[in-house]
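A closer look at the structure
Given next are the chains, with one letter for each unit.
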Amino acid sequence: MTTTLNGGRARRRPWHLWAVGGLGALWNIYGCLDYTMTALQGEVWLKSQGMTDAAIAFTLEMPAWMTAVWAIGVWGGMAGCLLLLLRSQWAFLVFVASLAAYVTSLFYQMVLTNGSDLMPESSWIIQTVILFICLSLVWYARMATRRGILR
């Protein structure tokens with residue numbers, strides 16, 4: 001798809017923009033689904049995800065500010081991917097906000113509460129993957145902005 005004219009020549013979105021934005025959106029669908037279903041179905045949804053009663057109680061008793069942080073993290077990740085596909089330089093700032101929210105949620109779970117004790121021992125694997133993806137999306141949006149891919 002052509003997007004801008006540059007000296008009479010059409011400029012295309014690079015393939016990697018479609019790949020990163022599209023795969024990122026697909027990845028973020030689960031986070032948005034998890035957030036929404038937890039809000040709508042609570043314990044029923046969390047049990048279907050294999051959580052223990054203690055982990056369910058921890059999740060459902062989070063303070064409102066932490067629920068807001070979670071929302072910023074997951075919906076920010078999705079919005080950032082859509083902004084990438086739209087070639088908006090706002091994607092970078094939205095990804096930074098999403099990353100900051102995720103780091104805040106890790107701090108809450110690991111330092112401010114005993115949340116990490118309630119999760120399966122292997123949960124550090126998915127937390128590491130999520131952190132890596134968040135950092136990668138921030139890096140990609142910054143690189144794409146510097147190269148003029150995002151405007």
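Check the entry above for the structure.
A short tour of the structure in this document, coming up. (Residues numbered from 1 in each chain as written. Predicted model: local features only at pLDDT ≥ 70, side-chain atom pairs only at ≥ 80, totals over all residues. Heavy atoms only, no water.)

The backbone phi angle of Arg87 is positive, close to 60 degrees, even though this residue is not glycine. Relative to the elements of secondary structure, Arg87 occurs in the loop between helix H4 (64–85) and helix H5 (90–112). (Helix = DSSP H or I, 4+ residues; strand = E, 2+ residues; numbered from the N terminus.)

As a further point, take the side chain of Ser98. With respect to the helices, strands and loops of the structure, Ser98 is situated in helix H5. Setting aside anything within four residues of it in sequence, one finds Ser98 in contact with Ile72, Gly73, Gly76 and Gly77. (Contact = heavy atoms within 4.5 Å.)

With that settled, the discussion passes to the pattern of salt bridges. With the rule as written, the count across this model stands at one salt bridge. Among the ionic pairs, Asp53 bridges to Lys47, the shortest N-O distance being 2.8 Å. Looking at Asp53, the relative accessible area reads 53%, which means it is exposed. Given a relative accessible area of 43%, Lys47 falls into the partly exposed group. (Salt bridge = Lys/Arg side-chain N within 4 Å of Asp/Glu carboxyl O. Buried < 20%, exposed > 50% of the residue type's maximum accessible area, 1.4 Å probe, protein only.)

Under the defined criterion, the tally for this structure stands at three aromatic pairs. Here Trp65 and Tyr108 contribute two aromatic rings whose centre-to-centre distance is 5.5 Å and whose plane-to-plane angle is 90 degrees, an arrangement assigned as edge-to-face. You can see Trp65 sitting in helix H4 and its partner Tyr108 sitting in helix H5, a full 43 residues away along the chain. With relative accessibility at 9%, the residue Tyr108 sits in the buried group. Members of the aromatic cluster, each reached through a chain of ring pairs, are Phe58, Trp65 and Tyr108. Lying across the ring of Phe92, Arg142 places its NZ or CZ 5.4 Å from the centre. (Phe/Tyr/Trp six-rings, centres within 6.5 Å; stacked < 30°, edge-to-face > 60°. Lys NZ or Arg CZ within 6 Å of the ring centre and 35° of its normal.)

The tendency in soluble globular proteins is for nonpolar side chains to be buried as a group. Counting 21 residues, the largest nonpolar core has Leu17, Leu84, Ala91, Phe95, Tyr140, Ala141 and Leu150 as its most contacted members. If one sorts the elements of this core by residue count, helix H7 (residues 123–146) sits on top with seven residues. Trp70, Ala71, Ala101 and Met119 belong to the second largest nonpolar core, which has twelve residues in total. (Core = buried A, V, L, I, M, F, W, Y, C linked by side-chain atoms within 4.5 Å.)

What follows covers the packing of H5 against H7. Two elements in contact, H5 and H7, have axes whose closest approach is 9 Å; the angle formed by their N-to-C orientations is 160 degrees. The angle between the axes of H5 and H7 places the two elements in the roughly antiparallel class. Judged by the sense of rotation from one axis to the other, the crossing of H5 with H7 is left-handed. Mapping the contact onto sequence places Ala91, Phe92, Phe95, Val96, Leu99, Tyr102, Val103, Leu106, Gln109 and Met110 in H5 and Gln127, Ile130, Leu131, Cys134, Leu135, Leu137, Val138, Ala141, Arg142 and Thr145 in H7. Per-class residue counts for the contact of H5 with H7 are 16 nonpolar, three polar and one charged. (Axes fitted to C-alpha atoms, helices over the stretch in contact; angles between N-to-C directions. Parallel < 35°, antiparallel > 145°, perpendicular 65-115°, else oblique. Left-handed = near helix turned anticlockwise from the far one by under 90°. Nonpolar A, V, L, I, M, F, W, Y, C, P; charged D, E, K, R; others polar.)

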